[in-house]
Amino acid sequence: NYWNAASFVTSSSYLHFSTFQGETSADISFYFKTSASDGVFLENLGNTDFIKLELKSATKVSFSFDVGNGPVEIMVRSPNPLNDDQWHRVNAERNVKQASLQVDQLPLEVRKAPTEGHTRLELYSQLYVGAAGGQRGFLGCIRSLRMNGVTLDLEERAKVTPGVKPGCSGHCTSYGMYCANGGKCVEKYNGYSCDCSKTAYDGPFCIKDVGAFFEEGMWLRYNFHSPGTSTKDLVSRTLLSSADPEITAPDLSLNKEELSFSFSTTKSPCVLLYVSSYTPDFMAVLVNPIGNLQIRYNLGGTKEPYNIDIDHRNMANGQPHTVNVTRNGRDIVLQLDHYPPTSYSLPATSDIQFNSPKALFLGKVIEIGKIDQDIYKYNTPGFTGCLSRVQFNQIAPLKAALRPTNASSHVHIQGELVESNCGASPLTIPPMSAATDPWHLDSASADFPYNGQAIGDGVNRNSAIIGGVIAVVIFTILCTLVFLIRYMFRHKGTYHTNEAKGAESAESADAAIMNNDPNFTETIDESKKEWLI
């Protein structure tokens, strides 16, 4: 019902429904979108009574009615034009005490009903949505029209009404921003959808990671052209070039690359990603023997490949890491995890074109011809771990392998590829080492981490919460132990006897018993007599 809509394409078109039953109360709400400056949204007439909602001007919406006491009009004025072809919400209410009108989040306009007079709205004609009675009708879209809690089926009525079309185009204008990660908004009959085909993501809004677990020795190859195609057809049949038409060249030379992915592993060295070519050009992302990340470019013009070494963190620590590499000509921008982007530049003698790219490899390089010596060494035994949301320009090799599409014919897999999002889990921050911990006893000369900057608020807050919980638990345990100890040893060193009260002051035990037992005392008193013989 939320997307039940109708498009009014002529100023004389309208939809009609049965008479609105709103004698003592009316609750009307709907969304509209238009580029026209005025028009009637809906109207229902009686002998003299009526109810009407209309767009008076580009910035005014009117709610008017008459229950027999004379016409009443409530107006809402918007500071911004309402004919901007965006969705706007109207909510009008009327009861025996008052009437109100609200547009979007603008202030509510309220009009009190007279204390005396008529209160019942008596209507007889049909309810008209759009033009009625020769007035200028509404041009645009109306959707989700609810009257006293009942949603009117605009689409079904529009199918048999000239000048009105079911559904409404233009949803992407208002909701296209919900298609994330490069997803494209696609207009549909009664809403919109997100096209994620040119992204490494999946799901209704292109936010679900597509990843896989790689066992040792497993690899994936994505060929940039399908079998049987000639090199002249490669540009038009692949997604190597990004949306920027400047990098589309007949010779398949790339001036730009955009690479992004996430991974997690505990083994090094290894090859994460490798892009080969029909020439000596290549691009590689590696983890070196000590666990540091390395980006390697060889575009020609230099004796040795150009290396970017990220040596400030061990990347083979089992944690997920995100890598984003963008090259535009000679300029390279690298962003790793939550660290700020870092800029690099190819040597002045280096070529800036990636000539004739051939294939993309994940996990291991299985290529005919000469391979860089270091990459050859890193190639054994291969990558073990998780890769997720891999995207090279508009190519998503893992998604092509795991989601059957037209691009699946480009993929060749060695081993069993198991889908997993283990490479896309949230990044966790490991404890600081003794060498960098300023509070460690053996590191008096250690520098504060992060160049003297304080640890993030999130970490401090989490530590405070955990510390507080631990303190409460310890305090509760101590209180319980104290209570138990006092209870157990409350009577230690005491005992109870049936010794008569007052024994301490009596001359003898018999005297104490006689003093304490009233019956015994009475017996003695009755028999107590003296005889003189």
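These numbers were taken from a predicted model, which means no experiment stands behind them. (Residues numbered from 1 in each chain as written. Predicted model: local features only at pLDDT ≥ 70, side-chain atom pairs only at ≥ 80, totals over all residues. Heavy atoms only, no water.)

**Some words on the overall build of the protein chain**
Across its full length, the protein chain holds 8 helices and 32 strands. Among the 533 residues that make up the protein chain, the fraction classed as buried is 41%. Contacts in the protein chain between residues far apart in sequence, at least 24 positions, make up 64% of those at least 6 positions apart. About 30,000 Å² of surface is accessible on the protein chain, with carbon and sulfur atoms providing 53% of the total. (Helix = DSSP H or I, 4+ residues; strand = E, 2+ residues; numbered from the N terminus. Buried < 20%, exposed > 50% of the residue type's maximum accessible area, 1.4 Å probe, protein only. Contact = heavy atoms within 4.5 Å. Areas by Shrake-Rupley, 256 points an atom, 1.4 Å probe, with all protein chains shown as cover.)

**Structural notes on the sheet that holds strand β20 (residues 219–223)**
Strand order in the open sheet formed by 7 strands is β25-β24-β23-β22-β29-β20-β31, with antiparallel pairing between adjacent strands. Strands at the two margins of the open sheet, each flanked by one partner only, are β25 (306–310) and β31 (411–414). Averaged over all neighbouring strand pairs, the angle between strand axes comes to 10 degrees, with direction disregarded. Bridge count for β20 against strand β29 (residues 357–362) is 4 bridges, and the pairing is antiparallel. Following the sheet pairing, Arg221 is matched in β29 by Phe361. (Pairing = 2+ DSSP bridges. Axes fitted to C-alpha atoms, helices over the stretch in contact; angles between N-to-C directions.)

**Digging into empty space enclosed by the protein**
In this approach the atoms are scanned with a rolling probe the size of a water molecule, which exposes any empty space left behind. Taken as a whole, this structure holds 2 cavities of 30 Å³ or more when the rule is applied. Space inside the second largest cavity adds up to approximately 40 Å³. Residue composition of the lining of the second largest cavity, grouped by class: 5 nonpolar, 4 polar and no charged. (1 Å grid on protein atoms, 1.4 Å probe; cavity = no way out; pocket = protein on both sides within 12 Å on 5 of 7 lines; lining within 4 Å. Points joined across faces, edges and corners; volume = space filled by probe spheres on them. Nonpolar A, V, L, I, M, F, W, Y, C, P; charged D, E, K, R; others polar.)

**Some thoughts on unusual backbone geometry**
A cis amide bond links Ser268 to the next residue, Pro269, at an omega of 0 degrees. You can see Pro269 is positioned in the loop between β21 (256–265) and β22 (270–277). With an omega dihedral of 5 degrees, the bond running from Thr380 to Pro381 counts as a cis peptide bond. Phi is positive for Ser356, close to 50 degrees, though the residue is something other than glycine. Tracing the chain through its elements places Ser356 in the loop between β28 (342–345) and β29.

**Section: the UniProt feature "transmembrane region" (unreviewed entry) in the protein chain**
Summarizing the sequence annotation, UniProt attributes the feature "transmembrane region" (unreviewed entry) to residues 464–485 in the numbering used throughout. In residues 464–485, the share of helix is 100% and the share of strand is 0%. The end C-alpha atoms are 32 Å apart. (UniProt positions renumbered as here; feature names shortened; annotations may be inferred.)

**Digging into the pattern of salt bridges**
Evaluation of the coordinates by the stated rule reveals 12 salt bridges. The salt bridge involving Lys56 is made with Glu73; its shortest N-O contact spans 3.5 Å. Note that Lys56 is positioned in strand β5 (residues 50–57) and Glu73 in strand β7 (residues 72–77), a separation of 17 residues in sequence. On the basis of relative accessible area, Lys56 is assigned to the partly exposed category, the value being 39%. A relative accessible area of 34% means that Glu73 is categorised as partly exposed. Several salt bridges share partner residues, and in doing so they unite Lys52, Glu54, Lys56 and Glu73 into one network. (Salt bridge = Lys/Arg side-chain N within 4 Å of Asp/Glu carboxyl O.)

**Considerations on the sheet that holds β28**
Taken in spatial order, the 7 strands line up as β28-β27-β26-β21-β30-β19-β32 in an open sheet, and their pairing is antiparallel. Both outer strands of the open sheet, β28 and β32 (418–419), are each paired with one neighbouring strand and no more.

**A look at the packing of aromatic side chains**
Counted by the stated rule, this structure contains 17 aromatic pairs. A ring pair is formed by Phe63 and Phe65, whose centres lie 5.4 Å apart and whose planes are at 45 degrees; its orientation type is tilted. Through a chain of ring-to-ring contacts, the aromatic side chains of Phe8, Phe30, Phe32, Phe41 and Phe138 assemble into a single cluster. Looking at Arg143, its charged tip hangs above the ring of Trp3, at a distance of 4.6 Å from the centre. Across from the ring centre of Trp87, 4.4 Å away, lies the NZ or CZ of Arg143, which sits over that ring. (Phe/Tyr/Trp six-rings, centres within 6.5 Å; stacked < 30°, edge-to-face > 60°. Lys NZ or Arg CZ within 6 Å of the ring centre and 35° of its normal.)

**Comments concerning the nonpolar core**
Phe214 and Leu293 are the most contacted members of the largest nonpolar core, which totals 45 residues. Considering every element that reaches this core, the biggest residue donor is β22, with 4 residues. With residues near it in sequence (within four places) discarded, Phe214 still touches Trp219, Leu220, Leu362, Phe383, Thr384, Gly385, Leu387, Leu398 and Leu417. Of all hydrophobic cores here, the second largest spans 39 residues; its members include Leu42, Ile74, Leu106 and Leu121. (Core = buried A, V, L, I, M, F, W, Y, C linked by side-chain atoms within 4.5 Å.)

**Some words on the environment of Ile310**
On the secondary structure map, Ile310 appears in strand β25. Leaving out residues up to four positions away in the same chain, Ile310 has contacts with Asn292, Leu293, Ile295, Leu334 and Leu336.

**Brief notes about the state of the cysteines**
All told, the structure shown has 4 disulfides when counted by the stated rule. The disulfide that involves Cys141 links it to Cys168, with 1.9 Å between the sulfurs. Handedness of the Cys141-Cys168 disulfide follows from its S-S torsion of about 90 degrees: it is right-handed. Of this pair, Cys141 sits in strand β12 (residues 140–147) while Cys168 sits in the loop between β14 (164–166) and α2 (171–175), and the two are 27 residues apart along the sequence. Take Cys141: its relative accessible area is 9%, and that puts it in the buried class. (Disulfide = S-S within 2.5 Å.)

**Quick notes on the confidence of the model for the protein chain**
Low pLDDT means the predicted coordinates in that region are not meant to be read closely. Put simply, the protein chain has an average pLDDT of 80, and 78% of its residues get 70 or more. Counting contacts from residues 242–251, a segment whose pLDDT is below 50, to residues more than four positions away or on other chains yields 18 contacts. In the model, residues 427–432 has pLDDT below 50 throughout and makes 13 contacts with residues more than four positions away in sequence or in other chains. (pLDDT = per-residue confidence, 0-100.)

**Focus: the side chain of Lys52**
The topology assignment puts Lys52 in strand β5. Residue classification places Lys52 among the buried positions, given a relative accessible area of 14%. In contact with Lys52, other than residues within four places in its own chain, are Val40, Leu42, Glu43, Ser62, Phe63, Ser64 and Gln135.

**Side note on the environment of Gly167**
By secondary structure assignment, the location of Gly167 is in the loop between β14 and α2. What makes Gly167 buried here is its relative accessible area of 1%.

**A short note on the pairing of strand β6 (residues 60–66)**
For β6, the buried fraction is high: 6 of the 7 residues fall into the buried class. Two elements, β5 and β6, share 7 bridges in a ladder whose sense is antiparallel. What sits directly across from Leu55, in β6, is Val61. Linking two consecutive strands that pair antiparallel, namely β5 and β6, is a turn of 2 residues.

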